[in-house]
Amino acid sequence: MRVDLFDFHLPPERIALRPAEPRDKARLLCVDPRQKNPFGDYSIRDLPLLLRAGDALVFNDTKVFPAQLEGVRRRGDITAGISFNLHKRIDDETWGAFARPAKKLQVGDHINFGNLTAEITARHEGEVTLLFSQSGIALDEEIKACGIVPLPPYIASKRAPDQKDVSDYQTVFAKHDGSVAAPTAGLHFTPQLLEILTQRRISLHHITLHVGAGTFLPVKSDDTQEHIMHAEWGSVSRETADALNKVRADGGRIIPVGTTSLRLLESASDDDGKIQPFADETSIFMTPGYRFKTADMLLTNFHLPRSTLFMLVSAFSGLETMQVAYKHAIKNGYHFYSYGDACLLSKGEGA
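Parameters and conventions
- Residues numbered from 1 in each chain as written.
- Predicted model: local features only at pLDDT ≥ 70, side-chain atom pairs only at ≥ 80, totals over all residues.
- Heavy atoms only, no water.
- Phe/Tyr/Trp six-rings, centres within 6.5 Å; stacked < 30°, edge-to-face > 60°.
- Helix = DSSP H or I, 4+ residues; strand = E, 2+ residues; numbered from the N terminus.
- Axes fitted to C-alpha atoms, helices over the stretch in contact; angles between N-to-C directions.
- Parallel < 35°, antiparallel > 145°, perpendicular 65-115°, else oblique.
- Left-handed = near helix turned anticlockwise from the far one by under 90°.
- Contact = heavy atoms within 4.5 Å.
- Nonpolar A, V, L, I, M, F, W, Y, C, P; charged D, E, K, R; others polar.
- Polar contact = N/O pair within 3.5 Å; in protein donor to acceptor, adjacent residues only side chain to side chain.
- Salt bridge = Lys/Arg side-chain N within 4 Å of Asp/Glu carboxyl O.
- Buried < 20%, exposed > 50% of the residue type's maximum accessible area, 1.4 Å probe, protein only.
- Expected span 1.5 Å × (residues − 1).

Remarks on the packing of aromatic side chains
- All chains considered together, the criterion is met by 19 aromatic pairs.
- Taking 4.9 Å as the distance between ring centres and 85° as the angle between the ring planes, the aromatic pair formed by Phe59 and Phe189 counts as edge-to-face. Here the residue Phe59 occupies a position in strand 3 (residues 56-60), and Phe189 occupies one in the loop between strand 11 (176-179) and helix 5 (191-199), the gap between them amounting to 130 residues.
- Chaining the aromatic ring pairs together yields one cluster made of Phe6, Phe8, Tyr154, Phe302, Phe310, Tyr326, Tyr334, Phe336 and Tyr337.

Below, the structure written as C-alpha cells:
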C-alpha cells in the first residue's frame, strides 16, 4: 500500500509533553467500526466498566533503561560530540546503536563516555556497532550511571529529559530491563486501577517485548512492502500462553495493552490462533489486510502519521475508520503520542 495513505495533519499543540496526572486521568476514545456511531469519549478510569468479567488484559512488562549515551570522539587533536541510542545487545560487551551525527564516525574510532569507552567496529548509514571497554554486569552499571532516558524525538526536540521522566516514562509493572522506549499504552495504569480491574474479574497477564529504537524510525519508502522492520526480542511464558488460551476457550476477550503486546501475541500464535510459548526475535509488520489471530480489542495510544504503528491500528480497525477517529480526536482536544491519551479499538471487518 502507498505510505501516503497513512498521512494526516496533526497540530503541534496536540502533542503531549507531559503525561496526565494521575496517570489514569488520561482520556480514552472508544472506536468500534461495527457500530452506527463508532466513537465514544471516556476516561481511562472508565475501562473497568467498558470491559467484561472474564476478559484479559495483556501488558508488556519490559523496563526502559537509560539507553541514550552522549560521547566524545577523538581523532588526533580533533574532537566531536556524538549521541548514541543503544537498541540491541549483541553480546556481553557489544551493542548496536543509532548514532547522530553518524557521518562523523569511522570504523576504528574510539568514543569516550566518561568512565566508559567504546570502539566503532561496524557502521551502516546511521547505525553502528559499539565494542565497549567493559562487559556484562559491569557494563550494565556504567550505562545506567552515564545514560539518559531516551525520550522520543517529538518530545526531546521540544524539551530536555529531566528527573521526572525517570518515573513518568516507566510503567508501574515494569520488570525486565531491555527497552529503549516505553510501551506507552501501559503508562496509563495505576496500582489503584489495576486493583479495580482485578475486583471486576478482569484478569491481568504479562509478556515481555523489549522495544528498540527502531520504533522511532520513519517509514522512508513510498510503499509499505518496501519497509523493513527492526527485530525486537520478546518472550511469552508457557503459563501465560496457557492462561490466555483458557480465557479464549471460556468466552473471554483478549485485549493487548499496546501495539508491542499485540505484535508479540501475534508472533507467538499458531495458524489457528492458539498462543504458544515464545522466546525469540520478531519483526512482524501489520498493515491493512492482515488477519489478527489473538486479539479481540486493542488499547493503544495515538500514533504518528505515516508510522508503522498507525498502519497497525489501521489494519486492526480499518484505515478509513482510523482516519476519521483521529480527526475526531484532534477536533475534541485529545493529546497524542507517548505521553498522550488512549484509544480502545474493536476490530473492523476483515481484521
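Next comes the rest of the account.
Quick word on the packing of helix 7 (residues 259-268) against helix 8 (residues 308-317)
- Taken N-terminus to C-terminus, the directions of helix 7 and helix 8 make an angle of 65°; their axes are 11 Å apart at the nearest point. Here helix 7 lies roughly perpendicular to helix 8, going by the angle between them. Seen from above, helix 7 lies across helix 8 with left-handed handedness. Mapping the contact onto sequence places Thr259, Leu262 and Arg263 in helix 7 and Leu309, Leu312 and Phe316 in helix 8.
- Of the residues that constitute the contact of helix 7 with helix 8, the class distribution is 4 nonpolar, 1 polar and 1 charged.

Focus on the environment of Ser267
- With respect to the helices and strands, Ser267 occurs in helix 7.
- For the pair Ser267 and Val236, spaced 31 residues apart in the sequence, the C-alpha separation amounts to 9.9 Å.
- With residues up to four places along the chain from it excluded, the contact list for Ser267 reads Phe278, Thr282 and Ile284.
- For Ser267, the side chain forms a polar contact with the main-chain oxygen of Arg263, separated by 2.8 Å.

Section: the packing of helix 8 against helix 9 (residues 319-331)
- Running from N to C, helix 8 and helix 9 point in directions that differ by 115°, and their axes come no closer than 7 Å. In this structure, the crossing between helix 8 and helix 9 has a hand that is right-handed. Residue-level inspection shows Phe310, Val313, Ser314 and Ser317 of helix 8 in contact with helix 9, the latter providing Leu319, Thr321, Met322, Gln323 and Tyr326.
- Taken together, the residues that form the contact of helix 8 with helix 9 break down as 5 nonpolar, 4 polar and no charged.

Overview of the pattern of salt bridges
- Under the criterion given, the structure shown has 18 salt bridges.
- When the shortest N-O distance is used, the salt bridge between Lys88 and Glu281 registers 3.1 Å. You can see Lys88 sitting in strand 6 (residues 78-91) and its partner Glu281 sitting in strand 15 (residues 278-282), a full 193 residues away along the chain.
- When its relative accessible area of 37% is taken as the criterion, Glu281 is described as partly exposed.
- Linking Asp250 and Lys246 is a salt bridge whose minimum nitrogen-to-oxygen distance equals 2.7 Å. Across this residue pair, the class does not change: Asp250 and Lys246 are exposed.

Some words on helix 9
- Spanning 13 residues, helix 9 covers 18 Å between terminal C-alpha atoms, matching the ideal 18 Å at 1.5 Å per step.
- For helix 9, the set of buried residues is Leu319, Thr321, Met322, Ala325, Tyr326, His328 and Ala329.
- Elements in contact with the buried residues of helix 9: strand 1 (27-31), strand 2 (39-43), strand 16 (297-301), helix 8 and strand 17 (342-346).
- Phi turns positive one or two residues past the end of helix 9, at Gly333, with a value near 80°.

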